Structures are given as structure tokens and as C-alpha cells.
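# Geometric and topological summary
Listed here are the chains, written in short residue letters.
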Amino acid sequence: MTIQEFILNNLAPLMGVLFLLTALFRNETLEAREKKYLKIILGVEFAELIAYNLELITASWDHPTALRILLSGIGYSLRPLIVYLFIMLVLHMNDNDGKLTAKQKRTRLLLLIPEALAFLGGFSPFFTDTVYYYDSANVFHRGPLGYDSQVMTAIYLVIIVALAVRKHILEKQMERKIMLLVAMYPILAMSLEAAFNVRSIGGTAIVFSTIFFLYGLQVGKLKNTIYALSENETLKNTMAKLEAAKKEAERANAAKSDFLSRMSHDMRTPLNGIIGILEINSRHNDPVLQEENRKKAKVAADHLLSLINDVLELSKLEDSRTPLVTEPFDIRTVASDVMTMVRIRAAESGVTLEYDEDPTVFVHPYVYGNPLYLRQIFLNIAGNAIKYNRPGGTVWGRIDYEGEEGDTVTYSCTITDNGIGISEEFLAHIFEPFVQANNGARTTYQGVGLGMSIVKSIVDKMGGKIDVKSKLGEGSTFKVTIPNKIVPDELIPKKPETADISNISIKGTRILMAEDNQLNSEIAQYLLEDSGAIVTPVSNGRECVDVYKNSEEGTFDLILMDIMMPVMDGLTAAREIRSCERRDADIPIIAMTANAFSEDAKMSREAGMNAHLAKPLDINELIVAIAKLL
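Rules and cut-offs
- Residues numbered from 1 in each chain as written.
- Predicted model: local features only at pLDDT ≥ 70, side-chain atom pairs only at ≥ 80, totals over all residues.
- Heavy atoms only, no water.
- Helix = DSSP H or I, 4+ residues; strand = E, 2+ residues; numbered from the N terminus.
- Buried < 20%, exposed > 50% of the residue type's maximum accessible area, 1.4 Å probe, protein only.
- Contact = heavy atoms within 4.5 Å.
- Areas by Shrake-Rupley, 256 points an atom, 1.4 Å probe, with all protein chains shown as cover.
- Phe/Tyr/Trp six-rings, centres within 6.5 Å; stacked < 30°, edge-to-face > 60°.
- Expected span 1.5 Å × (residues − 1).
- Polar contact = N/O pair within 3.5 Å; in protein donor to acceptor, adjacent residues only side chain to side chain.
- Axes fitted to C-alpha atoms, helices over the stretch in contact; angles between N-to-C directions.
- Parallel < 35°, antiparallel > 145°, perpendicular 65-115°, else oblique.
- Left-handed = near helix turned anticlockwise from the far one by under 90°.
- Nonpolar A, V, L, I, M, F, W, Y, C, P; charged D, E, K, R; others polar.
- Pairing = 2+ DSSP bridges.
- Core = buried A, V, L, I, M, F, W, Y, C linked by side-chain atoms within 4.5 Å.
- 1 Å grid on protein atoms, 1.4 Å probe; cavity = no way out; pocket = protein on both sides within 12 Å on 5 of 7 lines; lining within 4 Å.
- Points joined across faces, edges and corners; volume = space filled by probe spheres on them.
- Patch = residues over 30% accessible without salt bridge, like charges linked within 9 Å, V, L, I, M, F, W, Y side chains within 5 Å.
- Salt bridge = Lys/Arg side-chain N within 4 Å of Asp/Glu carboxyl O.

## Some remarks on the overall build of the protein chain
For the protein chain, the helix and strand inventory stands at 20 helices and 14 strands. Per-residue burial over the protein chain gives 44% buried out of 630 residues. Taking contacts inside the protein chain between residues at least 6 apart in sequence as the whole, the part at least 24 apart equals 71%. Of the roughly 34,600 Å² of accessible surface on the protein chain, 59% is carried by carbon and sulfur atoms.

## Re the packing of aromatic side chains
In the structure shown here, the tally under the stated rule is five aromatic pairs. Taking the centre distance of 5.8 Å and the plane angle of 80° together, the rings of tyrosine 132 and tyrosine 134 count as edge-to-face. Its relative accessible area of 1% is what places tyrosine 132 among the buried residues. Three or more aromatic residues link up through ring pairs in this structure, and these residues are Tyr76, Tyr132 and Tyr134.

## Structural notes on helix 12 (residues 371-387)
Every α-helix carries 3.6 residues per turn, so stepping three or four residues along brings you back to the same face. With 17 residues, helix 12 should reach 24 Å at 1.5 Å per residue; the first-to-last C-alpha distance of 23 Å fits that figure. Extensive coverage of helix 12 is indicated by the burial of 13 of its 17 residues. The backbone nitrogen of tyrosine 373 lies 3.0 Å from a side-chain oxygen of the residue at the head of helix 12, namely asparagine 370.

## Considerations on unusual backbone geometry
The backbone phi angle of asparagine 138 is positive, close to 65°, even though this residue is not glycine. Within the element layout of this structure, asparagine 138 appears in the loop between strand 1 (132-134) and strand 2 (140-142). Asparagine 138 gets classed as buried once you look at its relative accessible area, which sits at 4%. In this model, valine 567 sits at a positive phi of 70°, which is unusual for a non-glycine residue. Here valine 567 lies in the loop between strand 12 (558-561) and helix 18 (570-578).

## Points about the packing of helix 2 (residues 32-58) against helix 3 (residues 66-92)
The description of two helices packed together rests on the angle between their axes and the distance between the axes. At a minimum axis separation of 8 Å, helix 2 and helix 3 run at an interaxial angle of 160°. Between helix 2 and helix 3, the angle falls in the class roughly antiparallel. The element helix 2 and its partner helix 3 pack so that their crossing is left-handed. Within the contact of helix 2 with helix 3, the residues separate by chemical class into 19 nonpolar, four polar and seven charged.

## Quick notes on the sheet that holds strand 13 (residues 589-593)
With parallel pairing, five strands are arranged side by side in an open sheet as 11-10-12-13-14. Whereas interior strands pair on both sides, the edge strands pair on one side only; in this sheet they are strand 11 (534-538) and strand 14 (611-614). Adjacent strand axes in the sheet meet at a mean angle of 20°, parallel and antiparallel pairs treated alike. In this structure, strand 10 (residues 510-514) lies alongside strand 11, joined through five bridges in parallel fashion. When the bridges of strand 11 are listed, methionine 513 appears paired with proline 537. Helix 17 (residues 541-550) contacts strand 10, strand 11 and strand 12 of the sheet and is inclined by roughly 150° relative to strand 10. The sheet contacts of helix 18 involve strand 12 and strand 13, and relative to strand 12 the element is tilted by about 155°.

## Quick look at the nonpolar core
The biggest cluster of nonpolar side chains holds 44 residues, and the ones touching the most others in it are Phe362, Leu374, Ile377, Ile381, Phe478 and Val480. Among the elements of the structure, helix 11 (331-349), strand 4 (352-356), helix 12, strand 6 (394-405), strand 7 (408-417), helix 15 (451-461), strand 8 (465-471) and strand 9 (475-486) are those that each provide at least two residues to this core. With nine residues, helix 12 is the largest single contributor of residues to this core. In this structure, isoleucine 377 is in contact with Val455, Ile458, Val459, Met462, Val480 and Ile482, ignoring residues within four places of it in sequence. Counting 23 residues, the second largest nonpolar core, distinct from the first, contains Cys544, Met568, Leu571 and Ile587.

## Overview of empty space enclosed by the protein
Summed over the entire model, instances satisfying the criterion amount to six cavities of 30 Å³ or more. There is about 300 Å³ of room inside the largest cavity. For the lining of the largest cavity, the elements supplying multiple residues, two or more each, are helix 11, strand 4, helix 12, strand 6, strand 7 and strand 9. No other element matches helix 11, which puts six residues into the lining of the largest cavity. When grouped by side-chain class, the residues that make up the lining of the largest cavity number 19 nonpolar, three polar and two charged.

## A closer look at a nonpolar patch on the surface
Taken together, the side chains of Phe46, Ile50, Leu54, Ile57, Trp61, Leu67, Leu70, Phe126 and Phe127 present a nonpolar region at the surface, about 860 Å² in accessible area. Mapped onto the nonpolar patch, the elements with two or more residues apiece are helix 2 and helix 3. Per element, the largest residue contribution to the nonpolar patch is four residues, and it comes from helix 2. Within the secondary structure layout, tryptophan 61 lies in the loop between helix 2 and helix 3.

Listed below in C-alpha cells is the structure:
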């Protein structure tokens, strides 16, 4: 079938479908029962279109088939059925209670006769050539009753017009036009078919369009619909919302493109440096040069890791379904840790740090919250105050007690600097991802514009607020206010004893290590054995469990377990080991994985693991963790 043939046979029927869809979704005056009928008619029309087009495809075959007759029969029987359903719709308009009398039931039964005749005629080629048939070359021929379907359709059209006039559902002027159109339909359709041998030319479309307009014009429904399309306030609001959604989609698409562009640049920059350094080291054997390059590669790798962590953190925080994990902690410790790290940065940058340290503000020092995220908030803000400052500049910080209500205490932290400041234009976008005051800042200050977006996401998750005041060329002030639940005195955690890592040794420690990545496994094994441990590596959780079960009790002192592995993951492996009936089923298990979120650490502990360490591997941290568990 050519495109021209497809358009010729389907354009008009599809227009009829469009009219019906308009009636269903744009006419607010339709009742539920009427919509039900229209949906059925829509389904029948689609079925007729599909059958007709499939039959046209079978017409190109060399020999006639039962499939072509079947498709033709479906098409011939469904066309008058559409009009019959419209008749039922008009009849039901006055059947408000839904109950039919015996006379009404007989009438509906009699009205099925034309459809039954059309059905028999449509499938008659299976047993007779009276209506139509296909010769051995698969050419269509019309029999003595070849216009059976069209005649039945015309009968239904006459019936529905008579019903419309009798029930006075149309205006007088419109009644005459509809009657003329219906009278012309069978003459026009059959004449064109006889003259050009093109079956159903405009047939379905004329039936569909005529009946829809006939129905739509009853009680002025179509006029109401047309009026609503231009004047209805609801539609106007809908169009405004669609326009706003379009602009938002365009903005989101632009933001996505900008995100990918920035990510590509900022990830490739340190990665390119690492690759270049490795290439230089492979060409030169100078130990001094190689050591210097290794330090540079470590800096670039740390920067790349920081960027990846920021992107993953932002994605995690933006998921509203993921709650923050809270725990009891001492807010004074967090403040002290932050100041220690910030003082080092300030000294390196030639910036003076002044902290108004007042221990009396900590009325309730022990609170429930997330100390990791709290540190991240203040390190980001204080870090920016130092980064975007001038040599010789100053950063001021203080913590204030804002009061308490019930079991909740609120503290605020204010950080002020006299640095370069922020313009009013940029201030409106400061918390958007990958936004900086100017693109040059990304090179000058070594950032990608994710820090403040992460800060805002964390503060929102904590139920707090962040206020910013700034003036270009004079400096900025950030104030973060966060409420926290107070830890009851009896639940205040005891301070852990500080381990003396200088005397820690894992020499002779027998370790079973499950790691599916061969390179990671080799690195960890080398570093651990270099520290004196004895390592037995396996590549998945299933192997880890099998080696453990098949070994003598006490063979291993500790298990290092990756989480995401093939065959069996680390969480399942840990649970299976804990369920073993062995005296060493309580063997220490440390999760050593790239799953670095606090929720992941919680899942590890719930699976029976004793500790959770995030990759990349910090051998000193790992040795301390092993020593604590042995």
C-alpha cells in the first residue's frame, strides 16, 4: 500500500475519530452513560480501521486467503455497527431510569436485524459468492448483493435521522441539512465505488462525521463545546499551565545539557592530569620526578573523587523518599572539628579566622542529628568564605542558642567574611547546582558550583533554614539555623577511648577477603600483606561463604566483605555466615565497599557486619578498624 493510498483510505476516518475524541474530552456536558457509549464506538471504529488496513495489505498477495476474507468480514460488519451504536445512544437519552419496557426491548431487537444481515454478508465468501468474492488472482469481485454493508448502513442512517426529528433534538434548520446529507451519503458513496472501484471511499468518514455532528448538535452540546474551547476559563488555565510546563521542560533540558557539559569538563580535567602523569612516569626512571608526579596524581585523584562524591551526594539528597539517618552526638565536637579543619585552610590561604567561642551557648550539647552532614554544611560555607576571600582578609564565625521548645533545641551558626561578595543577580541562583558567579571562578577557585546546592539540600532535609546577605566587593554573611531533638541525659553516649595507632599491628592476622574487582583485590591484598597480614582472596559472596564453611573453626581472624558482587552480594553472605552453627560464627566482618552513604552503613550493620569502610581504600583507617575488632 502506497502513502497516497493510505491517506486516501484513512484520512477521513481518522478525522471522524478526532471528532469523537473532541466530544469525549472537551464536552463537559456529557453524562457518564453517554461517555460509555462513545468510548465503545471509538473502540469499534479503531477495530474497523485496523481490519480494513490489514485487509488492504493482504490484497497485494498473489492468492486469496481465509485471512483476507476474515478481515473483510470484520470491516463490513463493523461499519453499520457504528451507526447502530449511535442509535442506541439516542434512544437512551430519554431512558433516565435505565429500565426498558417490553416494547423498547422488541424495538432494540428489531434494530439488530440490519447489523445481522451485514455480518452474514461480510463473512459470506466462506460459503457463497452472493455478496462478494476473490478470484484465483486475489482480485475483488462484487456479487448480486455486493452493496449489502452500505445498504444496511444507509438504513441505520435513515432510522437515526427519523429519531432525531421525532425527538426534536436538533434545530429545525439543522434538521434539513442533516437529512439532506444522510440522503446523499449512500448515493454518493456507492456511485463513487461503482465508478472508481475504490471500496468504502469516504464511507466510514461520512457515517462517522454525520452521526457525530447529529449527536453533538442535540441540545446544543457541540455549540457549547466550541464556545468552551474559546471562552472557557478552565481551558485558558490549562493552556497557561501547559505553556509553563513547556518552559520548565525547556529550562530543565538546558540545565541537563549544561550539567553534562560541566561534568564532562570537570571530570576530564583531573583525569587528563592523572593519565598524563602516568605517561610521564612510564617514560622516565628518575625516582625524584616519579615521586613528585605521584603526589600530583594523588591530588588530582582526590579532586576527582571529591567531585564524584558531590554529584552522588546531591542526587541522594534530592530524593525526597530518602530520610536522613540520625544519631546522638555532641555538637561541641562537631564545632571543634570544623574549626580545626577551617583554621588550617585559612592559614594556608593567608586569611584570618576569628571564632567567637562561647561554651555557654551549648545549653543542650547532646542532640539527635547527622554529624557528618552538619560538618559538611559548615565546612562548605566556611571553605567558601576562605576561598572567595582576599589575602589578608578575615572570616568571623559564631554559634548562638536560639531557644528550645519541648524536646527540641535550636542553634544557629553565622559565618561572615570581607571577601569578594556576591552580586544580587547571582544571589538569586546561589543554591542551584553548577551555578557560579562567573565561569572564570571554576578555574580560578577550583570548584564546580555544587557545594551550596548540597548545603541547601541538607539544611532542608534537617528542617532548618539558611539566610544569605551579601554585597559585591564587601563580603557575605551566611546564617544557618537548625532544630535538633535533645538527647535525654540517660541516653547520652559515652566518649570512646582514643586508640594509640602508633603501636597497632596486624602482623599474622588471617583475613578472608571477598572482592569481585580484580584490580581492587590485588591492591588491598598487597597493602594488607605489606602490613603483615595473611590474606585469602575470593571473588564473590558465594565463594566467601563456601571457603568459610569448608575451613576449620578459627582458620580466619576476620572477613573483609565487598557489598555489590556477582553470584551472591556481601549482605547476603554476611547473613549466611552469621546463621552458621559454628563457634566462630561471630567472626568480625568489615564491609569494604564503594557504597558510601550512611544508609549503606546502616544496612551493613543490620546484615551482621561489625564495621563499614568506604572505598577508595585508606590502609591506615582499615588497619585501625581491624585492630579494634581483634
